[in-house]
Number of protein chains: 2
Amino acid sequence: MRVVHLLRAITVELDRMGERFAAGHALHPTDVRALICLLDADRTGTPATPGTLGAQLGLNSAGTTAVVDRLERLGHVRRERDTRDRRRVLLKVEENAIALGWGFFGPLIREIVTVMDRFDAAEQATIERFLGDVHEAVTRS
Amino acid sequence: MRVVHLLRAITVELDRMGERFAAGHALHPTDVRALICLLDADRTGTPATPGTLGAQLGLNSAGTTAVVDRLERLGHVRRERDTRDRRRVLLKVEENAIALGWGFFGPLIREIVTVMDRFDAAEQATIERFLGDVHEAVTRS
DNA sequence: GCAATAATCTCGCTGAGCGAGATAATGCCA
DNA sequence: TGGCATTATCTCGCTCAGCGAGATTATTGC
């Protein structure tokens, strides 16, 4: 029961961080979530379009257009026509957005890595197994 | 680095659950967060007022009034004048809201407890220590 | 070529949350 | 006791994110 509260507390704090990041860069929470989706897609090499982004964010096409407009106006994202299927628009994350994200979340990531380093190999394996199980449980629910 | 992604994935999924819960009960995400705050306060015996709630949610007084109005209209919360300091309004969670929360999040909580049971005492201690350290790191950032 | 289909964008509207200020109960001091 | 500052909450008018419906542009199949 204690771990449930800890997990929830961590979730709440991570959300708060996201909000602070948003407030500090003239972004809305949805814009931050959109940037995270786009950075993930960039990292895995998956092409991102307004359609895929809107689906991931649970927005309709009008809202998606608005999000992309805001991000483009701030110079975080660029629209590019797909040369193969000229109906599609590809979303490219600009360098400055990547730098922005790392500047804000980098310190936290480094801290978590430091926390992990204080555990030995067997303990790290236990933690990963636990988080994996929880993730599966949460995804299933 | 893997645990960072797992933690983030868990956070995302928990947020999604909150949104599904909201959508399924004619609530807005903010309303769900408010209910969680009020249930926490109820559990720990802390008196809850629009002032404290607004502070926890990061809303101003106008927005707070609107949240409480919505929750009251749906019968999840009741306003009560504090008899000692008659300027204050105490927020009481109705039974049906408590039942609603447990009905939705109960299964997940039980699943996480089940996951925990598969670890021995030493492993459970490791997991709790890890989550505690992460929580501290996240809170500090 | 001309429907049918698909991806994205435009328009008008609803409602959450904000800033400013009103209202009401309390505490303090002469 | 009366008047003034303080604290807690609510009201009003406004802005803007996101929604539904439909327009626009590109592609595919006949």
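This structure is a prediction, so every number in the text was calculated from the model and none was measured. (Residues numbered from 1 in each chain as written. Chains lettered and ligands numbered in written order. Predicted model: local features only at pLDDT ≥ 70, side-chain atom pairs only at ≥ 80, totals over all residues. Heavy atoms only, no water.)

*Asks:* How would you summarise the protein's contact with DNA strand C if you had to cite specific residues and measurements?
*Replies:* Taken together, 21 residues lie around DNA strand C, and S61(A), R79(A), H28(B), T30(B) and A62(B) are the ones closest in. Restricting the count to atoms of DNA strand C within 4 Å of the protein gives a sugar and phosphate share of 65%. Within the side chain of R79(A), one N or O atom sits 2.8 Å away from a phosphate oxygen of DNA strand C. Note that a base nitrogen of DNA strand C is positioned 3.0 Å from one of the side-chain N or O atoms of N60(B). Of all the elements in the fold, those that place two or more residues in the surface near DNA strand C are α3 (50–57) and α4 (61–73) of chain A together with α4 (61–73) of chain B. For the surface near DNA strand C, the residue count by class is six nonpolar, eight polar and seven charged. (Near = heavy atom within 4 Å. Polar contact = N/O pair within 3.5 Å; in protein donor to acceptor, adjacent residues only side chain to side chain. Helix = DSSP H or I, 4+ residues; strand = E, 2+ residues; numbered from the N terminus. Nonpolar A, V, L, I, M, F, W, Y, C, P; charged D, E, K, R; others polar.)

*Asks:* For the relation of the copies chain B and chain A, give the residues involved together with the corresponding values.
*Replies:* Between the two copies of this chain, the relationship is a rotation about some axis together with a displacement along it. The two copies are related by a screw motion: chain B maps onto chain A through a turn of 180° and a shift of 0.1 Å along the axis, at an RMSD of 0.1 Å. One copy is carried onto the other by what is essentially a two-fold rotation axis. Of the C-alpha atoms belonging to chain B, the one lying closest to the rotation axis is found on T11(B), 2.6 Å away. Take the interface residues of chain B: 98% of them recur as interface residues in chain A, which is what a same-surface contact looks like. (Least-squares fit on C-alpha atoms with pLDDT ≥ 70 in both. Contact = heavy atoms within 4.5 Å.)

*Asks:* With reference to specific residues and values, describe the interface of chain B and chain A.
*Replies:* Listed as interface residues are 48 residues of chain B and, on the opposing side, 47 residues of chain A. Contact between chain B and chain A buries roughly 4800 Å² in total, counting both sides, with carbon and sulfur atoms accounting for 67%. Across the pair R129(B) and E123(A) runs a salt bridge whose closest N-O atoms are separated by 3.6 Å. Contributions of two or more residues to the side of chain B that touches chain A are made by α1 (2–24), α2 (29–44), α5 (95–117) and α6 (121–140) of chain B. Ranked by residues supplied to the side of chain B that touches chain A, first place goes to α1(B) with 17 residues. (Buried area = accessible area lost by both parts, 1.4 Å probe. Salt bridge = Lys/Arg side-chain N within 4 Å of Asp/Glu carboxyl O.)

*Asks:* Got a sec to walk through the protein's contact with DNA strand D? Specific residues and values, please.
*Replies:* Near DNA strand D you find 21 residues, and of these H28(A), T30(A), R86(A), S61(B) and R79(B) are the closest. Among all atoms of DNA strand D positioned within 4 Å of the protein, those belonging to sugar or phosphate total 67%. The contact in question runs from a phosphate oxygen of DNA strand D to an N or O atom on the side chain of T30(A), over 2.4 Å. Between DNA strand D and the protein, one listed contact pairs a phosphate oxygen with a backbone N or O atom of G51(B) at 2.9 Å. When residues of the surface near DNA strand D are traced back to their parent elements, those giving at least two are α4 of chain A together with α3 (50–57) and α4 of chain B. Split into classes, the residues belonging to the surface near DNA strand D amount to six nonpolar, eight polar and seven charged.

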